Structures are given as structure tokens and as C-alpha cells.
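Architecture and fold: a report
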Amino acid sequence: MSLSKLSEILNADRTRLLAEWVSYQNESGQVRGDLITERELTRESEQFFELLREALGRESSAELHRPGYKGVRDFLGELSRSRSRLGFTPSETALFILSMKRPVFGAVQRAFAGDAAGQAAALWMATELLDNLGLFTMETFMEAREEVIKGQQSDMLELSTPVVQLWDGIVALPLIGTLDSNRTSIVMETLLQVIVQTRSEIAIIDITGVPTVDTQVAQHLLKTVAAARLMGADCIISGIRPQIAQTMVHLQIDLGNVITKATMAEALRTAMHRSGFVVTRKSAGGLLHQK
Amino acid sequence: MSTILKTEKLDVSEEQHIVAVRQAVRRLALEIKLSLVDQTKIVTAASELARNLLIYGGGGEVILRTLSAGIRHGLKVEFIDEGPGIEDLELALRDGFTSGGGMGLGLGGAKRLVNEFEIDSAPGRGTRIGITRWK
Amino acid sequence: MDRIPILTMGQFLLVTIQVDMHDRLAMALQDDLTTRITTSRAKGVLIDISSLEIVDSFIGRMLGNISSMARVLGAEAVVVGMQPAVAITLVELGLSLDGVHTALDVEKGMQLLRRYIGAEFEESLSDVDDPEN
């Protein structure tokens, strides 16, 4: 019993097999009619059937990594990736291969009528092959999901670190949420990037929205300040709430010679002063103007 | 669990070769699409270790490999010499330790720049250091 | 052997490092710069590293040395244009280049140097004034 024999069986029974396979998929109730049309499904099924039949004629084992299966792998990989993106569930995606079992087994039974030993060998071979194909589908599906998740994670991290320009040469980074090392590296990079783009010599890092400052967070902040200094910009850390100031002293966290301010307003005042700007009130109750 | 995509070898026996190591690491880091910061980190770590290889190990071999593990790609660089070896590994990895008039940031610093760091050394047996940065 | 060119701009020297420097080239630059500070009586040195893709501990140490040597010779050195990725890597490596002046670009570095020299100039003026008063 060889795979090429299986290929012959599939070919001989082609029309019936394909019809059964497509109708099983449709009857399973798991085909997402909202996401894929019946025509598309039929076309995909036919295409895959041809690729598989060709591969079986060339290869002598069911190991999918062999070169003869390249076409099959590419097609199936693209199929599960696109279904993953379209929002199919894992079982809806796996159905494409799993629903092939019944028609293939049927075809094998018909081809080996009366030959129990041959039938058993062929069934075993078909099972192994379809299981491998099913596993491959799932692996690609999960990989595609992981890629989507990773992409979303980094999008979210970037969104959560907006750097704003407050004045000529002064940028601010209002930090909200917990600072872990993954997030800090993105925060650091974004801030330094904006410093270069805007040619800003002063950056205000506001930590009003950071729930706790432990040794690690302080460490991250200090690294950011050190990197900015290497590039020629000074940092001011603002928004240190009273309880955070207390914990910091408690934990003996030393921010070194970094300028710290209680509020962002105060930090801005310091930044303006250092860059040579003067803010004066034109008249009592009027608006603030810059001279 | 990872598979090797590509292997390259470089000899380091004179100072110019450190630049060659940096360039090869940069090229492979670009190939597996490491971010600019990650590229810079592994190139810098490799520069430190290639210099160590030359100064303390009396030269040796650098092996670069690009790796694949699922959707992750990585770059591993190994530095192999048959020099005197390192007596006290823990001490050598500590910041500020130097035996050669440097700033003592070589090993410890390089370790902080990568995701994986392995070192195998004993007096008289040479030194083998491997660093890996994953995407 | 190759050498990195040093430009004179008034009382300042400007060095733009554009190649992937090997260690000996870095040492040569250090020598050349100290010599030039003395012969040209420069008041300031600008080292533009904006095209440098990495700064390892060796180049970092060279930048620190140049700053210290310039100061001994009565000049100030400013390192300008370090790339974000390079700065992040240096910090992670554990090198903070304390005592080295930095600026975002050549223009800002120049302003910084003028401030230093201006301050010194005022100081020396008041020194001259004092005996007359």
C-alpha cells in the first residue's frame, strides 16, 4: 500500500468525494456563511483536493515537511491564516480538514471492497495523513493568532505613551499605568525619538498616573533620564504624589540629581525658566501671555 | 526549541576584525528584522566580546547563527577562544571588574544587552561565550 | 593609516565621526585632537557622533578621555547628536559618560560652548576690572 495508490483512489472517486466533502462542510453547521460564500468554499476545496492528490503521487510518506508537500503546506497555511484573521474559531477552521475524513474513508472502503487487510492499511495511511494536515492547520492558525495579539500589544503600548510638545523645546510625557520593563523600553524610545524630532532640550516625565513607584520603576525612570542626557536633553520628573514621595523615601529610592517637581505646572515653569522664557500676567484677571 | 536558519564564521586575530564582527552581526540582525534598538544592543555586546576575545583570549573564532522558534526569530553569536580562560566567573561578570585596564563593563554589560547569555570557561581550557537576542 | 579630519571653526574644533571606527583610529583621533587643541588654542571641541551606529565601552571611554584632556588644556568638549538607540544601549551597558557635555546637534552644541566661553570671558573681564576699582 502506498500513497500513490491513495492518490489513485482519490482521483478515481474525485467527483463524488468532492461533492460529499463540500456538503459535509456545509451540513456541519460550522461553516461561517457570514464570512465565506459557498462558491468560495467549493473552489477552495477543489483547489486543495488537487494539490493533495498531486503531492500524494510524489511523496512516499505522510510527513508534511517533505518537499513534495510544499504546495499543500502553502495553501493550507494561507487558508488557516486568512480564516484566523476573518475571525473563524479553531474548530471552524479545523473543520476544513476534519470533514474530509468521512468521504475519504468511504472512497477507501469502496476501493478495497472484500480486501480487509488492504482496507485497514489504506485507512491507517489516510488517518495519519489527515491528522497531520489537521495539526498543521491548527498550528498555523495559532501562529496567526499570536501574531495578531503581539501586534495589538505593541499598538496598545504605543498608544499609551503619547509624547506632547508643550512649548518650543519642551516636550512632556504623561505616564499612566504600571511601568514594567517592556513598557519602559517603548516609553524610553518614543520619548527619545520625539526629543530628536522636535529638537527639545527639556523633557517633562509626569508620573501622576503611575500607581506605585518601587525600586524597579525608579530604576527605569533613571535609565530614561540618563539616556536623554546622553543625547543632550534634560529631564524633569513631575507629578510625585505625597504617598509616592513617602514610599520613595521609605524604600530609600534615590533619584540622584534629577530635578523633581510636585506638579506638571511647576515642572513647566522650571522648564520655561531654564530655556529663557518669561511668563507674565498682562493685567489682573487677564490671560497669561508670553513675552 | 529552535532551528538554525543560517551559520556564519569569522576569525578574530587582529583589531580590524572587531569591526568585521560588528558589521556581520548588524547584517544578520537586519535579516531577522530586529528593531533598531535591539540591533544596536546586540552589535554593541558583540563588539565588547570580540574585543575581549582578542585581548584576553589571544584571538579566536566567532560563530553567528540566525534561529527560528515558531514565529520568533533570534540571533545567536558565539565567541570561542583557547586562551587562558577565566578563573572566577562570578567575579568576571561583576560590573567594575577588569583585568586588562578597561572599564570593567565588558562581560556584565554585554550580558545586560541580550536576552540569553551563556559562558563556559575554566583556567587553561579557554572560554566560550554565547549571546542571543530574540525578536 | 586613516585619520578622522578635524575642522577649525573660529575658536572651536569640529570632528564628525562618520565611519565605523576601529580602536586604533579612535586612539589616533584622541591624539590628534589634544595636539590640535594646543596648537590652535581652541576654546571648544564639538564631536558630532550623529552618524555613529554604536558606541561601545571603548569609544565611550575615548569620548570621556577627550573631554577630560580638553578640560586640562583649558577647553570644553561637547558630544553632539547621539542617536536614541545608541543612548539606550550605552545606559544599559552601564556607561553614563558623567562629566561629558552633550547636545542634541552641532548648532545646540555651539550655543552651549558659547555660553561656557562667555561665562569665562565675563569672569576674566571682572578680574581685570577689580584692580582698577
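Look a little higher up for the structure.
Scope of this entry: the structure provided in the associated data block.

Definitions and cut-offs
Residues numbered from 1 in each chain as written. Chains lettered and ligands numbered in written order. Predicted model: local features only at pLDDT ≥ 70, side-chain atom pairs only at ≥ 80, totals over all residues. Heavy atoms only, no water. Helix = DSSP H or I, 4+ residues; strand = E, 2+ residues; numbered from the N terminus. Buried < 20%, exposed > 50% of the residue type's maximum accessible area, 1.4 Å probe, protein only. Contact = heavy atoms within 4.5 Å. Areas by Shrake-Rupley, 256 points an atom, 1.4 Å probe, with all protein chains shown as cover. 1 Å grid on protein atoms, 1.4 Å probe; cavity = no way out; pocket = protein on both sides within 12 Å on 5 of 7 lines; lining within 4 Å. Points joined across faces, edges and corners; volume = space filled by probe spheres on them. Phe/Tyr/Trp six-rings, centres within 6.5 Å; stacked < 30°, edge-to-face > 60°. Salt bridge = Lys/Arg side-chain N within 4 Å of Asp/Glu carboxyl O. Polar contact = N/O pair within 3.5 Å; in protein donor to acceptor, adjacent residues only side chain to side chain. Buried area = accessible area lost by both parts, 1.4 Å probe. Nonpolar A, V, L, I, M, F, W, Y, C, P; charged D, E, K, R; others polar. Pairing = 2+ DSSP bridges. Core = buried A, V, L, I, M, F, W, Y, C linked by side-chain atoms within 4.5 Å. Axes fitted to C-alpha atoms, helices over the stretch in contact; angles between N-to-C directions. Parallel < 35°, antiparallel > 145°, perpendicular 65-115°, else oblique. Left-handed = near helix turned anticlockwise from the far one by under 90°.

With respect to the overall build of chain C
Of the regular secondary structure elements, chain C holds 4 helices and 5 strands. Taken from N to C terminus, the helices and strands of chain C fall in the order β-β-α-β-α-β-α-β-α. Here chain C, with 133 residues, has 53% of them falling under the buried criterion. Considering only contacts within chain C whose residues lie at least 6 apart along the sequence, 73% involve residues at least 24 apart. In the form shown here, chain C has an accessible surface area of approximately 6200 Å², with 51% of it arising from carbon and sulfur atoms.

Some points on the layout of surface pockets
Of the pockets and cavities examined, the largest pocket occupies roughly 1300 Å³. Taken together, 38 residues make up the lining of the largest pocket; nearest its centre are Asn182 of chain A together with Ser35, Asp38, Arg133 and Lys135 of chain B. Looking at the lining of the largest pocket, the elements that each hand over two or more residues are helix H7 (116–159), helix H8 (181–198) and helix H9 (215–231) of chain A, helix H2 (36–55), strand E3 (72–81) and strand E5 (127–134) of chain B together with helix H3 (84–93) of chain C. With 8 residues, H8 of chain A is the largest single contributor of residues to the lining of the largest pocket.

Considering the packing of aromatic side chains
For any pair of aromatic rings, the description consists of the separation of the ring centres together with the inter-plane angle of the planes. Residue and element names in this part refer to chain A. Considering all chains together, one arrives at 5 aromatic pairs over all chains under this definition. Judged by centre distance (6.3 Å) and plane angle (55°), the rings of Trp21 and Phe48 are tilted. Pair noted here: Trp21 is in helix H2 (residues 14–27) and Phe48 is in helix H3 (residues 38–58), with a separation of 27 residues, a long-range link. Take Trp21: its relative accessible area is 1%, and that puts it in the buried class.

Some words on the interface of chain C and chain B
Counting from both sides, the interface comprises 20 residues of chain C and, opposite them, 24 residues of chain B. For the pair chain C and chain B, the interface holds 6 salt bridges. Arg51 of chain B serves as the salt-bridge partner of Asp23 of chain C, at 2.5 Å between the closest nitrogen and oxygen. Viewed at the interface, chain B and chain C are joined by 12 residue pairs in polar contact (both at pLDDT 80 or more). For the side of chain C that touches chain B, the secondary-structure elements that each account for two or more residues are helix H1 (23–40), helix H2 (57–72) and H3 of chain C.

Overview of the side chain of Ser47 of chain B
Among the structural elements, Ser47 of chain B can be located in helix H2. In this view, Ser47 of chain B contacts Ile18 and Arg22 of chain B together with Ile54 and Asp56 of chain C; residues no more than four positions away in its chain are not counted.

Observations regarding the interface of chain B and chain A
Every contact between the two is made by 5 residues of chain B and, on the other side, 5 residues of chain A. Together, the buried faces of chain B and chain A total about 390 Å²; carbon and sulfur atoms form 66% of this surface. At the boundary of chain B with chain A, the tally comes to 0 salt bridges. Connecting chain B to chain A are 0 residue pairs in polar contact (both at pLDDT 80 or more). Within the side of chain B that touches chain A, the residues separate by chemical class into 2 nonpolar, 1 polar and 2 charged.

Some details on the side chain of Glu92 of chain C
Inspection of the secondary structure assignment puts Glu92 of chain C in helix H3. Overall, Glu92 of chain C belongs to the buried group, its relative accessible area being 14%.

Focus: the pairing of E3 of chain B
Look at any regular strand and the pattern is simple: side chains alternate between the two faces of the sheet. Residues and elements named next belong to chain B. In terms of burial, E3 is a largely internal element, 8 of the 10 residues being buried. In this sheet, E3 lies alongside strand E2 (residues 60–69) in antiparallel orientation, the contact comprising 10 bridges. By the bridge assignment, Leu67 is partnered in E3 with Gly74. Counted between consecutive antiparallel strands, the loop separating E2 from E3 contains 2 residues, among which Gly70 sits at a positive phi close to 65°. Across 8 bridges, the pairing between E3 and E5 is antiparallel. Residue pairing across strands places Gly74 opposite Trp134, the latter belonging to E5.

Things to note about the nonpolar core
Counting residues in hydrophobic clusters, the biggest one holds 104 residues, and the most contacted among them are Ile195 of chain A, Phe79 of chain B together with Ile17 of chain C. Take this core: its biggest share by element is 9 residues, from H2 of chain B. In contact with Ile195 of chain A, other than residues within four places in its own chain, are Val171, Ser200, Ala203, Ala228, Met231 and Ala233 of chain A together with Leu104 of chain C. Counting 32 residues, the second-largest nonpolar core is a separate cluster that includes Leu3, Leu17, Leu52 and Met125 of chain A.

Details of the sheet that holds strand E3 (residues 202–209) of chain A
All names here are of chain A. Pairing is mixed in the open sheet, where 5 strands are placed in the order E1-E2-E3-E4-E5. On the outer flanks of this sheet lie strand E1 (164–167) and strand E5 (259–261), each paired with one strand and no other. Taken over all neighbouring pairs, the strand axes of this sheet differ in orientation by 30° on average, direction set aside. For E1 and strand E2 (residues 170–176), the ladder comprises 3 bridges, and the chain directions are antiparallel.

Some remarks on the packing of H2 of chain B against H3 of chain C
Where H2 of chain B contacts H3 of chain C, the two axes come as close as 9 Å, and the packing angle between them is 50°. One way to sum up the angle between H2 of chain B and H3 of chain C is to call them oblique. Between H2 of chain B and H3 of chain C the crossing geometry is right-handed. Where H2 of chain B approaches H3 of chain C, its residues Leu36, Val37, Thr40, Lys41, Thr44 and Glu48 of chain B are matched on the opposing element by Ala85, Val86, Ile88, Thr89, Glu92 and Leu93 of chain C. Taken together, the residues of the contact of H2 of chain B with H3 of chain C break down into 6 nonpolar, 3 polar and 3 charged.

A word on the packing of helix H1 (residues 3–12) of chain A against H3 of chain A
How two helices pack is summed up by the angle between their axes together with the distance between the axes. All names here are of chain A. One can describe the packing of H1 onto H3 by two numbers: an axis separation of 7 Å at closest approach and a directional angle of 150°. Considering the relative orientation of H1 and H3, their crossing is left-handed. Residue-level contacts link Leu3, Ser4, Leu6, Ser7, Leu10 and Asn11 of H1 to Phe49, Arg53, Leu56 and Gly57 of H3. For the contact of H1 with H3, the residue count by class is 5 nonpolar, 4 polar and 1 charged.

What to know about the sheet that holds strand E1 (residues 3–12) of chain B
Residue and element names in this part refer to chain B. Strand order in the open sheet formed by 5 strands is E1-E2-E3-E5-E4, and the pairing between neighbours is antiparallel. Each edge of the sheet is formed by a strand with only one pairing partner; in this case those strands are E1 and strand E4 (116–121). The sheet shows a mean angle of 15° between the axes of neighbouring strands, taken without regard to direction. With 9 bridges connecting them, E1 and E2 associate as antiparallel partners. Pairing of Lys6 across the sheet is with Thr66, part of E2. Each of E1, E2, E3 and E5 is contacted by H2, which is oriented at about 175° to E5, the strand it contacts most.

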